[in-house]
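What the coordinates show
Here's the letter readout for the chains.
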Amino acid sequence: MHAATEHLREVARRIVDAALERVPLRAAMVVGSAARGDADFYSDLDLLLYVDELPPERILAEIRETVGGTNPIRKNEPTEHFCGEEFEVDDVRTEVSFMTVARVEWRLDQLLERLEEIDSPVQKVLAGMLEGLPLHGEELVERWQARMRDYPEPLRRAMVERHWSFFPLWYHGEAIAARDAELWRLDMLLEAAFNLLAVLAGLNRLYFRRSELKRMRTLIAKMELAPPSLADRLESLFQLEPEAAAA
């Protein structure tokens, strides 16, 4: 295992141990690069702690102090279902979030059964959980992950319908060339590439968030349905002349 990944996981285990001494945790999970195993020394740590009831705010401070955390910043405003903060531990920027089990299961119902939200931020949470590494409460985490692996057909259709949108640069090329619109043209190319990947993610039953653009080739490698040489062709859009890119 890469040394950076092991370092992040070791920090996470220390935080979970400190939390277990103070809170009846139902589960704990690392998400992001530390969970996937592809962290480097620029990576941060994202740790989710699941409880039936949120602990008092002082508990987060006690956990941070126990592991030697410094420079805390509150992560968003706390709610009845969420509280968290960011701090530094052993030169790692660390985000620790408490979430209630009831809220997580409600959110799963929203996306997987009611399809009330399919936008990128929600799918980012789900994709992160699906890739997550449980450090406590493995049975509960596995139950959630099993639900997410059963990608619903209505979500597949909704992803295709939502993202089947491509601005016709091939039609407006002459007008764009005559105007001060180069950044806008590039933005439309990027939006087209994002929408194409989102459509293909839906067809392949993969949760998709915009941050997947950071790991485009890894995403495409998971696809059973995809055009040939897709990654190379998408990257070439931003190197070709405007007319060729539009085509």
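Residues numbered from 1 in each chain as written. Predicted model: local features only at pLDDT ≥ 70, side-chain atom pairs only at ≥ 80, totals over all residues. Heavy atoms only, no water.

**Considerations on the overall build of the protein chain**
Selection rule: To qualify as a helix, a DSSP run of H or I must reach at least 4 residues; to qualify as a strand, a run of E must reach at least 2; elements of each kind are numbered from the N terminus. Here the term buried applies to any residue with accessible area under 20% of the maximum for its type, exposed to any over 50%, and partly exposed to those in between, with areas from a 1.4 Å probe on protein chains only. We get accessible surface area from the Shrake-Rupley algorithm with a probe of 1.4 Å; when it comes to residues, only the shown protein chains can shield them. Charge assignment in this entry is limited to Lys and Arg as positive and Asp and Glu as negative, and neither His nor the chain termini are counted. Lys charges are placed at NZ, Arg charges at CZ, Asp charges at CG and Glu charges at CD.
A count of helices and strands for the protein chain gives 12 helices and six strands. In terms of overall dimensions, the protein chain has C-alpha extents of about 65 × 40 × 35 Å along its principal axes. Within the protein chain, buried positions represent 45% of all 247 residues. Here the protein chain displays about 13600 Å² of accessible surface, and carbon together with sulfur accounts for 51% of that area. Across the protein chain, the mean location of the 31 positive side-chain charges is 2 Å away from that of the 45 negative side-chain charges.

**As for the side chain of Thr5**
Short version of the rule: Throughout, a residue-residue contact means that at least one pair of heavy atoms, one from each residue, lies within 4.5 Å.
Residue placement: Thr5 occurs in helix H1 (residues 3-20). Among the residues examined, Thr5 registers a relative accessible area of 0% and is labelled buried. Once residues lying within four places of it in the same chain are set aside, the contact partners of Thr5 are Ser33, Ala34, Gly37, Asp38 and Ala39.

**Re the nonpolar core**
Nonpolar side chains in soluble globular proteins tend to end up buried together. Quick reminder of the rule: As used here, the term nonpolar core means buried Ala, Val, Leu, Ile, Met, Phe, Trp, Tyr and Cys residues forming a set that is joined through side-chain atoms within 4.5 Å.
In this structure, Tyr50, Trp144, Leu197 and Tyr207 are the most contacted members of the largest nonpolar core, which totals 49 residues. Core analysis: the second largest hydrophobic core is formed by 29 residues, Ala12, Val16, Leu60 and Val89 among them.

**A few points about the pattern of salt bridges**
The condition is simple: Any carboxyl oxygen of Asp or Glu that lies within 4 Å of a side-chain nitrogen of Lys or Arg is treated as forming a salt bridge with it.
Under the definition given, this model contains 27 salt bridges. A salt bridge links Asp38 to Arg36; its shortest N-O distance comes to 3.1 Å. Residue classification places Arg36 among the partly exposed positions, given a relative accessible area of 28%. The partner of Glu131 in a salt bridge is Lys222, and the shortest N-O contact between them spans 3.7 Å.

**Brief notes about the environment of Leu48**
Along the chain, Leu48 falls in strand E2 (residues 45-51). Spatially, the C-alpha atoms of Leu48 and Ala12 are 9.8 Å apart, while their sequence positions differ by 36 residues. For Leu48, the contacting residues outside a window of four places in its chain are Ala27, Ala28, Met29, Val31, Ser97 and Met99.

**Some words on the packing of helix H7 (residues 153-163) against helix H9 (residues 182-203)**
The following threshold applies: Axis lines are fitted through C-alpha atoms, for helices just across the contact stretch, and the angle between N-to-C directions can take any value from 0 to 180 degrees. Every angle not falling under 35 degrees, over 145, or within 65 to 115 is termed oblique; those three ranges are roughly parallel, roughly antiparallel and roughly perpendicular. Definitions for this section: a left-handed crossing has its near helix turned counterclockwise from the far helix by less than a right angle. A right-handed crossing has that turn clockwise. When residues are sorted by character, Ala, Val, Leu, Ile, Met, Phe, Trp, Tyr, Cys and Pro go into the nonpolar class, Asp, Glu, Lys and Arg into the charged class, and all the rest, Gly among them, into the polar class.
Between H7 and H9, the least distance of the axes is 8 Å, while the angle of their chain directions is 165 degrees. As the angle between them shows, H7 and H9 are arranged roughly antiparallel. The two elements H7 and H9 cross, and the hand of that crossing is left-handed. Between H7, through Arg156, Met159, Val160 and His163, and H9, the contact on the second element is made entirely by Phe194, Asn195, Ala198, Val199, Gly202 and Leu203. Across the contact of H7 with H9, the residue classes tally to six nonpolar, three polar and one charged.

**Here's the deal with the packing of aromatic side chains**
Note the threshold: Ring geometry is summarised as follows: Phe, Tyr and Trp rings, the Trp one being its six-membered ring, pair when their centres sit within 6.5 Å, and such pairs are stacked at plane angles under 30 degrees, edge-to-face over 60 and tilted between the two.
Here the structure, examined in full by the defined rule, presents five aromatic pairs. Both rings, one in Tyr50 and one in Trp144, keep their centres 4.9 Å apart while their planes meet at 75 degrees; by these two values the pair is edge-to-face. With Tyr50 in strand E2 and Trp144 in helix H6 (residues 138-149), the pair connects residues that are 94 residues apart, well separated along the chain. On the basis of relative accessible area, Tyr50 is assigned to the buried category, the value being 0%. For Trp144, a relative accessible area of 1% gives the class buried. Here Phe167 and Trp184 contribute two aromatic rings whose centre-to-centre distance is 4.9 Å and whose plane-to-plane angle is 85 degrees, an arrangement assigned as edge-to-face. Taken together, the positions of Phe167 in the loop between H7 and helix H8 (169-177) and Trp184 in helix H9 put the pair 17 residues apart, joining distant regions of the chain. Accessibility expressed as a relative area gives 36% for Trp184, which makes it partly exposed.

**A few points about the sheet that holds strand E3 (residues 70-74)**
How we decide: Only when DSSP finds a minimum of two bridges between them are two strands counted as paired.
In spatial order, the strands read E3-E4-E5-E2-E1-E6; together these six strands make up an open sheet with mixed pairing. Both edges of this open sheet fall to E3 and strand E6 (133-136), since each of them pairs with a single strand only. Across the sheet, the mean angle separating the axes of adjacent strands is 25 degrees when strand polarity is ignored. Here seven bridges tie E2 to strand E5 (residues 92-100), and the two strands are oriented parallel to one another. Bridged to Tyr50 within E5 is Met99. Packing of H1 onto the sheet brings it into contact with strand E1 (27-31), E2, strand E4 (82-89), E5 and E6, and relative to E2 it is tilted by some 25 degrees. The strands that H6 touches are E1, E2 and E6; relative to E6, the one it contacts most, it runs at about 155 degrees.

Purely spatial values, then, with no claim about function.
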